[in-house]
Amino acid sequence: MALLDVIVAPDPRLKKKAQAVERVDAATAKLMADMLDTMYEAPGVGLAAPQVGVHKRIIVVDAAREDDPPAPLKMANPEVIWASDEKKVHEEGCLSLPEEFENVERPDKIKVRYVDENNELRTIDAEGLLSVVIQHEMDHLDGVLFVDHISTLKRNMIIRRLTKIKKLERRHPVEAD
Ligand code: NI
């Protein structure tokens, strides 16, 4: 198990477009496993490779409820092949925007094609939280954060807050535990 450092906004690495994965090999599968460990440790329900500084089209997701068994998904090159016209608003957060939560509207249901950790092509139907998390993580692959879906005013407020915290942390580094 390896825990990876999650990049916090604002950071140019979070705005970069990720490249397609040619083949899910052992190194990619290991990265997926490490990303999942990092996500569970945070804790979070999704993580995209650009958030750990890797600009490849890879996301991991687990939207299972707390009382349900884990349902991890490891996806390379995810692609939405169908989305419902019906949209829903859901409160989102992001490991790269700690302590920030805002309502975002997205299609309610989606069908996604992706390559799994064994390099097999799969499709999945998602709705509710799973649909939200997959769409949120896929945005990261195109350098889009959930705050890019809200008003400029709110976005600037959040980015200013995070910039201030980063400056404080540089002046007073948090001791490693
Ligand atoms: Ni995120």
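Undergrad: Can you walk me through the overall build of the protein chain in this structure?
TA: What the protein chain contains, in helices and strands, is three helices and seven strands. Along the chain direction, N to C, the helices and strands of the protein chain fall in the order α-β-β-β-β-β-β-β-α-α. Relative to its length of 177 residues, the protein chain is compact, with a C-alpha radius of gyration of 16 Å against a globular reference of 16 Å. Pairs at least 24 residues apart make up 65% of the contacts formed inside the protein chain by residues separated by at least 6 positions. On the protein chain, roughly 10,500 Å² of surface is accessible, and the fraction owed to carbon and sulfur atoms is 50%. Of the side chains in the protein chain, 26 bear a positive and 33 a negative charge, and the two mean positions are spaced by 7 Å.

Undergrad: Is there a simple way to think about the coordination of the nickel ion in this case?
TA: Around a metal, the idealised angle for a tetrahedral arrangement of four donor atoms is 109.5 degrees; for an octahedral arrangement of six donor atoms it is 90 or 180 degrees. The protein atoms that coordinate the nickel ion are Cys94 (SG), His136 (NE2) and His140 (NE2), at distances of 2.1 to 2.2 Å. Along the chain, the residues donating to the nickel ion are arranged with the sequence spacing C-x41-H-x3-H. Within this pair, whereas cysteine 94 is found in strand E4 (residues 87-94), its partner histidine 136 is found in helix H2 (residues 128-141), the two being separated by 42 residues in sequence. Classification of histidine 136 as buried rests on a relative accessible area of 6%.

Undergrad: Honestly, the environment of valine 144 in this entry has me stumped. Any pointers?
TA: You can see valine 144 is positioned in the loop between H2 and helix H3 (152-171). Placed 33 residues apart in sequence, valine 144 and lysine 111 show a C-alpha to C-alpha distance of 20 Å. In contact with valine 144, other than residues within four places in its own chain, are Leu14, Asp139 and His149.

Undergrad: Please clarify how the nonpolar core should be interpreted in this entry.
TA: Generally speaking, soluble globular proteins have nonpolar side chains that are buried together. In terms of nonpolar packing, the biggest core is built from 15 residues, with Ile59, Val61, Leu73, Met75, Val112, Ile124 and Ile134 touching the most fellow members. Going through the elements one at a time, strand E2 (58-61), strand E3 (73-83), strand E6 (110-115), strand E7 (121-126) and H2 are the ones with two or more residues in this core. It is H2 that provides the largest number of residues to this core, a total of four residues. Residues contacting methionine 75, with those up to four places away along its chain left out, are Met32, Arg57, Ile58, Ile59, Val112, Tyr114, Val115, Ile124 and Ile134. The next biggest cluster of nonpolar side chains, apart from the first, holds 14 residues, and it includes Met35, Leu36, Ala49 and Val60.

Undergrad: Would you mind going over the side chain of arginine 155 with me for this structure?
TA: Here arginine 155 lies in helix H3. For the buried arginine 155, no salt bridge is present, and the opposite-charge side chain at shortest range is aspartate 148, 4.0 Å distant. A distance of 3.0 Å separates the side chain of arginine 155 from the backbone oxygen of valine 147, its partner in a polar contact. When near neighbours in sequence (up to four residues on either side) are disregarded, arginine 155 contacts Val147, Asp148 and Ile150.

The rules behind each value
- Residues numbered from 1 in each chain as written.
- Predicted model: local features only at pLDDT ≥ 70, side-chain atom pairs only at ≥ 80, totals over all residues.
- Heavy atoms only, no water.
- Helix = DSSP H or I, 4+ residues; strand = E, 2+ residues; numbered from the N terminus.
- Rg over C-alpha atoms; globule rule 2.2 N^0.38 Å.
- Contact = heavy atoms within 4.5 Å.
- Areas by Shrake-Rupley, 256 points an atom, 1.4 Å probe, with all protein chains shown as cover.
- Lys, Arg positive; Asp, Glu negative; His and termini not counted.
- Charge placed at Lys NZ, Arg CZ, Asp CG, Glu CD.
- Donors = N, O, S within 2.8 Å, 3.2 Å for Na, K, Ca; no water.
- Buried < 20%, exposed > 50% of the residue type's maximum accessible area, 1.4 Å probe, protein only.
- Core = buried A, V, L, I, M, F, W, Y, C linked by side-chain atoms within 4.5 Å.
- Salt bridge = Lys/Arg side-chain N within 4 Å of Asp/Glu carboxyl O.
- Polar contact = N/O pair within 3.5 Å; in protein donor to acceptor, adjacent residues only side chain to side chain.

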